[in-house]
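Observations on chain architecture
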Amino acid sequence: MRSPLLNKLSVIFGPRPPVSWLLLCFVSVLALIAVFGSSSSNSLDSVTSTPVPEIFTNYRRLKEQAAVDYFELRTILSGSSRQRELGLCGKERENYVPCYNVTANLISGFKDGEEFDRRCEVPRQGSWCLVRPPKDYKIPLRWPAGRDVIWSGNIKITKDQFLSSGGVTKRIMLLEENQIAFHPEDGLIFDGVKDYSRQIAEMLGLGSDSELFQAGVRTVLDIGCGFGSFGAHLVSLKLMTLCIAAYEATGSQVQLALERGLPAMIGNFISRQLPYPSLSFDTVHCAQCGIVWDKKEGIFLIEIDRLLKPGGYFVLTSPTSKPQGSSTSMKKRNMLTPLEQYTEKICWSLIAQQDDTFIWQKTADAHCYSSNKKNDVPLCKEGYDAPYYQALVPCITGTSSKRWIPIQNRSSSSDLSSAELEVHGVSPEDFFEDLQVWKLALKNYWSLLTPLIFSDHPKRPGDEDPLPPFNMVRNVMDMNAHYGGLNAAFLEERKSVWVMNVVPVRAHNTLPLILDRGFLGALHDWCEPFPTYPRTYDLLHANGLLSHLTSERCGLMELFIEMDRILRPEGWVVLSDKLGVIELARAHATQIRWDARVIDLQNGSDERLLVCQKPFVKK
């Protein structure tokens, strides 16, 4: 009788498999046993500390080993991988954003903006598919050219929508054939972005907008950012500016900002809190953002108060409030009366007004909320801060937090002081070690990405030789950010990137520390899709996330499909984890058509790197 192994082989190769195939399979199995037999794949414990990587000292040998390992796995799986590869989604999903089904929400009776709220459902396995790029999609231009010129085919907005969007838009953009050009001198309102930014600085008593950083403004939340021109200018001043806007089926502000390489994510607080903790931002900016701030008894202003750090600013520019006729001061007074009433209740002071721009400052005195006689807004229960898409609350948060430090009194460095670290329960030694770990890790990643991917990266017709990868990478997501060490390492190495630091909702919440470092970040449940449009990140990184998710209610395949959705074609993924889960991840990567390679760190541990590249698939 035949052995079970021969029976299985006969199914694959026919009734009489060639001897050469048998020998190849036998040698491949022995090779895999030699490579992986020394490490157990059963241990999928969550990673609670960052492993210390080593600089690769023999890169050529590692590269050859990775190439052989990659070839062996593809050879063994070649008989079945083609059948298991996921298909491409239909054209209707080219700009698909899960959790935002406006039509279904309207049918369910949601209105007054709540139809644009985020509502996630568990996806059915039968609906798995890969979101493909539009027919006219092109790889974005290298930074910084890609900030000011984008391909019109990469975003869901038509020429007619451009031309019908008003005079301001026409000044910002020029549609030339298949490109959209943003003119840095033109912009948001009035005489341009630079004049507008300088006006805000002068209203704060500063000589120029270059002094905003020294005045304590490091992070800005820009609500309804339009085409991102104001944020692009602030980023040039080293102010981390995050654009948020409601989901839009076409002409999305968030999609366009991300296409320019600027920080943005879908965010809407009509009924729910944004996924950031209390005391997150130094300034919140709204210019024609379409929100009626005194609606719902000022609960939107209470949410802004939750997000603002002590002493932070709320900048509101609203041309609809521009008075006409002779009674200018009276009409402005009437317009401000509702806002003045609400802002006084939450201890804000109107510190400046010029033309249609008003600036309030949040109090730096935590006792103001309880001592203010005009304050009928209660304090939330002590310790309350659950910002992951919870319902908006009509109470004040953060007043009892140890992080209640006025922005003017904070250190301007991302390396927090010992006193600031103590607030977060982190020792200076642990913090310093984490920074050193990620400085080494970043050098490792770049030493791998540069020759391993670009040496055999196929040239696109008419394209010149690729430059080092950091020139092609602008939008980076750290999916399990811990202290934000990778972000700090990018800054230390002067890489021209920005990082979305994501903290999983069931991990230790280090997001307040990340935000206090002047970085950007958000809480997120990786069992759900991330609130962004397809093809909006150049590089995804995760350390220990896969092991963490093995104990969650969701599977890794859903995570990889979501990563593929938000990753640009020809974008990169770097995953660091234990051997067993990395091998499982490599199988998933093959299933979604990524080129995937496992790298042994050669440090005696069972930690491995999985380096992947998403191909440019068009059909």
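In what follows, the structure referred to is the one given above.
Here goes a summary of the coordinates provided.

So, how was this worked out
- Residues numbered from 1 in each chain as written.
- Predicted model: local features only at pLDDT ≥ 70, side-chain atom pairs only at ≥ 80, totals over all residues.
- Heavy atoms only, no water.
- 1 Å grid on protein atoms, 1.4 Å probe; cavity = no way out; pocket = protein on both sides within 12 Å on 5 of 7 lines; lining within 4 Å.
- Points joined across faces, edges and corners; volume = space filled by probe spheres on them.
- Helix = DSSP H or I, 4+ residues; strand = E, 2+ residues; numbered from the N terminus.
- Nonpolar A, V, L, I, M, F, W, Y, C, P; charged D, E, K, R; others polar.
- Pairing = 2+ DSSP bridges.
- Axes fitted to C-alpha atoms, helices over the stretch in contact; angles between N-to-C directions.
- Disulfide = S-S within 2.5 Å.
- Buried < 20%, exposed > 50% of the residue type's maximum accessible area, 1.4 Å probe, protein only.
- Right-handed = clockwise from strand over helix to strand, strands pointing away.
- Parallel < 35°, antiparallel > 145°, perpendicular 65-115°, else oblique.
- Left-handed = near helix turned anticlockwise from the far one by under 90°.
- Contact = heavy atoms within 4.5 Å.
- Salt bridge = Lys/Arg side-chain N within 4 Å of Asp/Glu carboxyl O.

**Describing the layout of surface pockets**
- Within this model, the second largest pocket holds a volume of roughly 880 Å³.
- Lining the second largest pocket are 32 residues, and of these K238, M240, L491, K495 and V497 lie nearest its centre.
- Put simply, the parts of the chain that give the lining of the second largest pocket at least two residues each are helix 9 (229–236), helix 16 (485–492) and strand 12 (498–504).
- Broken down by element, the lining of the second largest pocket gets its largest block of residues, 5 residues, from helix 16.
- Each residue belonging to the lining of the second largest pocket can be placed in one class, and the counts come to 16 nonpolar, 7 polar and 9 charged.

**A short note on the environment of V617**
- Take V617: it is sitting in the segment after strand 17 (607–613).
- Distance from V617 to R593, taken between C-alpha atoms, is 9.0 Å for residues 24 residues apart in sequence.

**Comments concerning the sheet that holds strand 4 (residues 219–223)**
- In spatial order, the strands read 6-5-4-7-8-10-9; together these 7 strands make up an open sheet with mixed pairing. Pairing within the sheet leaves two strands with one partner each, and these edge strands are strand 6 (264–266) and strand 9 (348–354). Pairs of neighbouring strands in the sheet enclose a mean axial angle of 20°, with direction left out of account.
- In terms of strand pairing, strand 5 (residues 240–245) meets strand 6 through 3 bridges, oriented parallel. Note that in strand 6 the partner of C243 across the bridge is A264.

**Quick look at the state of the cysteines**
- Counted according to the given criterion, the structure contains 7 disulfides.
- At a sulfur-sulfur separation of 2.1 Å, the disulfide partner of C347 is C368. When the S-S torsion is -95°, as for the bridge of C347 with C368, the disulfide is left-handed. Of this pair, C347 sits in the loop between helix 12 (328–345) and strand 9 while C368 sits in helix 13 (residues 368–371), and the two are 21 residues apart along the sequence. C368 matches C347 in its accessibility class, with the two residues each being buried.
- In this model C380 forms its disulfide with C395; the gap between the sulfur atoms is 1.9 Å.

**Overview of the pairing of strand 7 (residues 281–287)**
- Burial of strand 7 is extensive: 7 of the 7 residues sit out of reach of the surface.
- As paired strands, strand 4 and strand 7 are joined by 4 bridges and run parallel to one another. Within strand 7, the residue paired with L221 across the bridge is V284.
- Where strand 7 lies against strand 8 (residues 308–317), 6 bridges are found, and the strand directions are parallel. Looking across to strand 8, one finds that F281 is bridged to L308.
- The parallel pair strand 7 and strand 8 is bridged by helix 11 (residues 299–307), and the resulting crossover is right-handed.

**Considerations on the packing of helix 19 (residues 556–566) against helix 20 (residues 579–591)**
- One way to put it is that helix 19 packs onto helix 20 with a least axis distance of 10 Å and a crossing angle of 50°. With respect to helix 20, the element helix 19 is oriented oblique. Regarding helix 19 and helix 20, the two cross each other, and that crossing is right-handed. Taking contact as the criterion, the partners of L556, M557 and F560 in helix 19 are, on helix 20, V581, L584, A585, H588, A589 and Q591.
- The residue makeup of the contact of helix 19 with helix 20, split by class, is 7 nonpolar, 2 polar and no charged.

**Overview of the pattern of salt bridges**
- Applying the stated criterion across every chain yields a total of 20 salt bridges.
- Note that E303 and R306 form a salt bridge whose closest N and O atoms lie 2.9 Å from each other. Residue E303 and its partner R306 are located together in helix 11, separated by 3 residues, close to a single helical turn. Here the two residues E303 and R306 agree in accessibility, since each one is buried.
- Between D564 and K614 there is a salt bridge, and its shortest N-O distance comes to 3.9 Å. Placement of D564 in helix 19 and of K614 in the segment after strand 17 is noted, with a sequence separation of 50 residues between them. Pair check on accessibility: D564 and K614 agree, each one buried.

As far as function goes, none of this settles anything; it's purely spatial.
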